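Residue-level listing of the chains:
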Amino acid sequence: MPSRFPSASFRVFAPGRVNLIGEHIDYSGLSVLPMAIPRGVELTVTVRDDDVISLRNDDERYSPSRFRAAADIEPAPAGGWSNYVRAPVQATVRDHPGRAGWRGFDATIRSDLPAAAGLSSSAAMVVGSGLAFATANELGLEPVAFAELMADAERYVGVRAGGMDQAICVGGTEHCASRVDFSPLRMTAIRVPSRWAFIVAHSLVTAEKAGAARAGYNQRTTECRRALEAIWARVAPPGTADAASYRELLALETDTDALCRLGERELDPVLASRFVHTISEAQRVRTAQIALEHDDLDSFASAMAASHASLRDRFGVSSPQLDRVVELALRSGARGARLTGAGFGGCAIVLCTRDTVSGVLDRMRADYAPRLPRGAQLDDVLFAVTPSQGARVIGPSPA
Ligand code: GLA
């Protein structure tokens, strides 16, 4: 991936994403189906002669920040936005032991992604800053290795997330969704039929991943792991090592219904719910991928409906506001809708056909308009998206 730009000034764009299906299963090593969107984070960068990174955010709520590129960078207080820049810089320096003479940069950062909305604004910031730092230092980047490094980097802010967001932010392909596989990371672009159209609809409740939603998220990752260990102990052949993965489990027992029944019988109710969601969501990703490849909008929409219901009833990450958005979308003529991202607030992704999308948007706008929080713009909480390209250096800074 090109990270070189023959100028001391350049701009970088890193997109947000929606996950079409495969929610809360990336950290269990199971495949997911996201796409990059046209909105994202843009950095206008001027390379410096020293190793200082000096940041200004276009949004005045976020105060300027300054630090030096090093293998150990003092974090800003928890939730501080500059941690999403400190993290990739620190990770990149650590990834090049022995290299000296790092060059920093002055950057102005602007984003048209609603924050804490489940659209990966944090991964866009991490990947965009990582790409800016790599470009300033003329590092060659290999997309898969870069995506993995950025996923590790983001764990610096304390969320034990899977690698979906950084992968699609780096590897998104125009007109395509991507099936993302893990261990090893692999991305396969799947063309989205031109008659399919998507809307992002905010629940008007934010979900701060480095804040309140973090505990709920991290708890889910632990529960999924505990459920796996308990079931693995029951199905694995005697003498098998206990370092199991969901993928190995699904290879061992291919009858997913039988596996779900086993989970319900053997696990306590909470772990059973998490387990059945994980196994059934993995199956839905497979069904949805086939539907996408065959332009089968109805099957894709059914998989979305089942995914949302499972996230709500078994995984406990929806909210009354997200459920309401999904119902509103379907009532407004959409074919499918589900929460996207971690949940606990944030956005839903809505599936329509191209010839009905503007009518669906109009009907949804009429519902949103009287409920808009003061200062919010309708176009920032309800907008159409198309499958887009991943992070890139887009050119010299405007003079
Ligand atoms: C967040 C995480 C992802 C993934 C989703 C839920 O966006 O960053 O890794 O776990 O939640 O699917």
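The structure displayed is predicted, hence computed values, not measured ones. (Residues numbered from 1 in each chain as written. Predicted model: local features only at pLDDT ≥ 70, side-chain atom pairs only at ≥ 80, totals over all residues. Heavy atoms only, no water.)

**Details of the sheet that holds strand 1 (residues 9-21)**
Note the following rule: When DSSP finds two or more bridges between a pair of strands, those strands are recorded as paired. Numbering goes from the N terminus for both helices and strands, where a helix is a DSSP run of H or I of at least four residues and a strand is a run of E of at least two. The axes used here are C-alpha line fits, helices contributing only the stretch in contact, and every angle between their N-to-C directions lies in the interval 0 to 180 degrees. What makes two residues a contact is simply this: any of their non-hydrogen atoms within 4.5 Å.
Spatially, the 6 strands line up as an open sheet ordered 4-3-5-2-1-12, and their pairing is mixed. What marks the edges here is a single partner per strand, and that holds for strand 4 (65-68) and strand 12 (392-395). Each adjacent strand pair in this sheet contributes to an overall mean axis angle of 30 degrees, direction not counted. As defined by bridge partners, strand 1 adjoins strand 12 across 3 bridges and the pair is classed as antiparallel. Bridge pairing links Arg11 to Gly395 in strand 12. Seen against the sheet, helix 4 (residues 164-171) touches strand 1 and strand 2 (33-47) and runs at an angle of roughly 125 degrees to strand 1. Along the sheet, helix 8 (residues 269-293) makes contact with strand 1 and strand 2, crossing strand 1 at roughly 105 degrees.

**Describing the nonpolar core**
To keep it simple, the criterion reads: For the purposes of this section, nonpolar cores are sets of buried Ala, Val, Leu, Ile, Met, Phe, Trp, Tyr and Cys residues that join through side-chain atoms within 4.5 Å. The rule is simple: take the accessible area with a 1.4 Å probe, protein chains only, and divide by the maximum for that residue type; under 20% is buried, over 50% is exposed, in between is partly exposed.
Counting 110 residues, the largest nonpolar core has Leu55, Phe105, Phe198, Tyr246, Leu249, Phe275 and Phe300 as its most contacted members. Among the elements that take part in this core, helix 8 stands out by supplying 10 residues, more than any other. Counting 20 residues, the second-largest nonpolar core is a separate cluster that includes Ala201, Ala334, Val350 and Met364.

**As for the environment of Phe105**
Counting through the fold element by element, Phe105 comes out in strand 5 (residues 105-111). On the basis of relative accessible area, Phe105 is assigned to the buried category, the value being 0%. Distance from Phe105 to Gly336, taken between C-alpha atoms, is 44 Å for residues 231 residues apart in sequence.

**Thoughts on the site of the ligand**
Operational definition: A molecule or strand has a residue near it when one of that residue's heavy atoms lies within 4 Å. Whenever two N or O atoms come within 3.5 Å, that pair is a polar contact, provided that in protein one can donate a hydrogen and the other can accept it, and provided that, for residues adjacent in sequence, both atoms are side-chain atoms. Residue polarity follows a fixed list, in which Ala, Val, Leu, Ile, Met, Phe, Trp, Tyr, Cys and Pro are nonpolar, Asp, Glu, Lys and Arg are charged, and the others, Gly among them, are polar.
Residues in close proximity to the ligand total 13 residues, the closest being Glu23, His24, Asp26, Asp165 and Tyr217. Between the ligand and the protein, one listed contact pairs an oxygen atom with a backbone N or O atom of Gly162 at 3.2 Å. In this structure, Tyr217 approaches the ligand through a side-chain N or O atom, which is 2.5 Å from an oxygen atom. Across the shell around the ligand, the residue classes tally to 5 nonpolar, 3 polar and 5 charged.

**Looking at the packing of aromatic side chains**
This is how it is decided: Paired rings are identified among Phe, Tyr and Trp, the last through its six-membered ring, by centres lying within 6.5 Å, and are further divided according to the angle between planes into stacked (under 30 degrees), edge-to-face (over 60) and tilted (the rest). Whether a charge sits over a ring depends on NZ of Lys or CZ of Arg being within 6 Å of the ring centre and within 35 degrees of the ring normal.
Under the criterion given, the structure shown has 5 aromatic pairs. When the ring of Trp196 is compared with that of Phe300, the centres are 5.1 Å apart and the planes differ by 70 degrees; the resulting orientation is edge-to-face. Residue Trp196 is found in strand 8 (residues 196-202), and its partner Phe300 is found in helix 9 (residues 297-313); the two are separated by 104 residues along the sequence. A relative accessible area of 0% means that Phe300 is categorised as buried. Across from the ring centre of Tyr368, 4.8 Å away, lies the NZ or CZ of Arg371, which sits over that ring.

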